[in-house]
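# Tertiary structure, described
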Amino acid sequence: MVHLNLRHSTRSIYLGLACVSLTLHLLLALFCLSVLQSACVLPTSSSSSVPRIDPVSHASSSSSSAASNKQANSRQHGDGHKPSVESSRSKLEELFRHPLYNLPRPKLQEDDWLLRLKTDAEAEETEQQSASEEEGYDKVTWTRDEETHPPWLRFHLGISRWELYDRKDLNLAQLTHYLATQRILGAVQKKGGTQLKLLVSFPNYGQALLKPMRQSRDAETDVNLFYFSDFERHNAEIAAFHLDRVLGFNRIPPVVGRLINVTTQIREVTTDERLSRTFFTSPAGNVCFYGKCEYYCSVEHPVCGRPHALEVSLATMLPDLSLAPRRSWRSPWRRSYSRTKLAHWEKDAAYCDTVKETPPYNRGTRLVDLIDMAVLDFLMSNMDRHHYETFEEFGNETFLLHLDNGRAFGRHSQDEPSILAPLVQCCRIRRSTLLRLRLLSRPDFRLSDVMRESLAQDPLSAVAPLLSEPHLSALDRRLATVLAAVQSCQDRNEDVVYNDLDEHDDQQLGENP
Ligand SMILES: Nc1ncnc2c1ncn2[C@@H]1O[C@H](COP(=O)(O)OP(=O)(O)OP(=O)(O)O)[C@@H](O)[C@H]1O
Ligand SMILES: [Mn+2]
């Protein structure tokens, strides 16, 4: 009996051991699988210097961008939850596939391009003049063949009367990659404007406007600071470019983030004496500088590396003013820039009636263009749009450049209704804009989700998300406000929607009539 019992218990021990070993093997297999998977995926995202602003139509790259987007989604939602199948699908790619983002473009005539290539005869003439080589710069071997052009030149040659770039142009990804990785040959202070910014140069003659990180990503602008005293933010410049693209405007020059070395990539390469003189080592041992400008260029407001590493935004430079002059327009809804005075539009509810009759707002699309800009600015809470620019070449029939967005995304806990004044006072909006805004308010294309995904393509998102979650949710909240403002206009007025899409019916655009 004892013997039998003993045999019985030995068998149970064996059985137990077998179970334990099976479980351990299963766990080991699961662990191996997850390690293998991350080993396959991680390098894609950690090659962080490669920005992926892949146009969705590019079949070969879209799969890799989908992979990185998925990863970005799970990384940024990194609060312990596993992303659901739903949220791991690329909403951004779906958005850009939507008919509203693929409207047939008017056929461009020769005078709808900002620049044109010289004829062979003209080119020969200048070739002799530009034969001299500058130190550090590549030898110029560009011909009329597009293949030979550097990305920044292709960007310049792609500027048209109606937009700064074509979102589907494969050159965009190359351009941002170029800005994020090319050797920095020189850096000088850029004149114009009030805060410190640098003009950096690359070996094949490309240039970018650099704005440095000055405060932590999550810092909210002090409520007691006037908007005109606010610091500029490098991540605002980056996020504004993404937001403008997500809205389908394409009116901001491509901006990319980059982690640079203040010492080797600014201090050692600058030929700018005035800038050079402002470098110092802080008590914490970080390399800092402050430059010379009207605001915040003092030893009390230094830009500092850690000890050398500094986050910056790099905006593609527009063609030189000598090639493509621009006109600067004072915004009719400009703020007073005084601590006590109100601007005209703040005191007169019928202000828009006057603007509507004043050239150039009395013709064409200028007024609805301005309202597009107000929508963009309200979403990112940019109060600093005192001026806007257009290319002189195109006269009044052209898009508005949305330059200088450094003061956007300052506060997420508060909205600024006055930025929407042009929309609220004029009760007018482009139909294509309205339909896109409605699309972005739907859960399957939610603005905060597509923005999170779009920003994850920027190299600096590897350091930290470019917009914190509160800033992303503020976008959804503000979008609802814009749509409510349009609705309230429609309740009171007939002629709210400016139909820029008349040949398309609602169904084609995925709209429920
Ligand atoms: N990508 C660009 N390419 C070429 N020129 C640019 C670009 N971005 C800005 N600029 C020019 O540089 C000027 C100064 O830039 P920006 O407005 O960003 O600086 P700022 O210090 O913020 O100016 P402000 O204090 O007037 O707001 C602009 O008025 C514009 O004409
Ligand atoms: Mn500014």
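Residues numbered from 1 in each chain as written. Chains lettered and ligands numbered in written order. Predicted model: local features only at pLDDT ≥ 70, side-chain atom pairs only at ≥ 80, totals over all residues. Heavy atoms only, no water.

As annotated in an unreviewed UniProt entry, the chain carries the name FAM20 C-terminal domain-containing protein and is attributed to Poecilia formosa. Under the UniProt heading Cofactor (unreviewed entry), the note attached to the chain is "Mn(2+)". Within the UniProt record for the chain, the comment given under Sequence similarities (unreviewed entry) is "Belongs to the FAM20 family." (UniProt positions renumbered as here; feature names shortened; annotations may be inferred.)

A few words on the environment of D244. By the secondary structure assignment, D244 is in helix α8 (residues 234–246). A relative accessible area of 0% places D244 in the buried class. Considered as a pair, D244 and L376 are 132 residues apart in the sequence and their alpha carbons are 6.9 Å apart. Among all residues touching D244, those that are not within four sequence positions of it are Y165, F249, N250, R251, I252, L376 and H402. Only 3.0 Å separates the side chain of D244 from the side chain of H402, close enough to count as a polar contact. (Helix = DSSP H or I, 4+ residues; strand = E, 2+ residues; numbered from the N terminus. Buried < 20%, exposed > 50% of the residue type's maximum accessible area, 1.4 Å probe, protein only. Contact = heavy atoms within 4.5 Å. Polar contact = N/O pair within 3.5 Å; in protein donor to acceptor, adjacent residues only side chain to side chain.)

A separate point is the packing of aromatic side chains. Enumeration according to the criterion identifies 15 aromatic pairs in this entry. A ring pair is formed by Y178 and F202, whose centres lie 5.4 Å apart and whose planes are at 65°; its orientation type is edge-to-face. You can see Y178 sitting in helix α7 (residues 171–181) and its partner F202 sitting in the loop between β2 (198–201) and β3 (207–212), a full 24 residues away along the chain. You'll find Y178 and F202 in the same group, each marked buried. (Phe/Tyr/Trp six-rings, centres within 6.5 Å; stacked < 30°, edge-to-face > 60°.)

Okay, the sheet that holds strand β7 (residues 303–304) next. Spatial strand order, β5-β6-β7: three strands in an open sheet with antiparallel pairing. In this open sheet, the two strands that pair with only one neighbour each are β5 (280–281) and β7. With two bridges joining them, strand β6 (residues 287–289) and β7 adopt antiparallel strand pairing. Each residue of the ladder has a partner; that of C288, found in β7, is C304. (Pairing = 2+ DSSP bridges.)

Attention now moves to the packing of α8 against helix α16 (residues 447–455). Running from N to C, α8 and α16 point in directions that differ by 125°, and their axes come no closer than 10 Å. Comparing their axes, α16 and α8 come out oblique. Note that α8 runs across α16; the crossing there is right-handed. In this structure, α8 uses I238, A239, H242, L243, R245 and V246 to contact α16, whose residues at the interface are L447, V450, M451, S454 and L455. Grouping the amino acids of the contact of α8 with α16 by side-chain chemistry returns eight nonpolar, two polar and one charged. (Axes fitted to C-alpha atoms, helices over the stretch in contact; angles between N-to-C directions. Parallel < 35°, antiparallel > 145°, perpendicular 65-115°, else oblique. Left-handed = near helix turned anticlockwise from the far one by under 90°. Nonpolar A, V, L, I, M, F, W, Y, C, P; charged D, E, K, R; others polar.)

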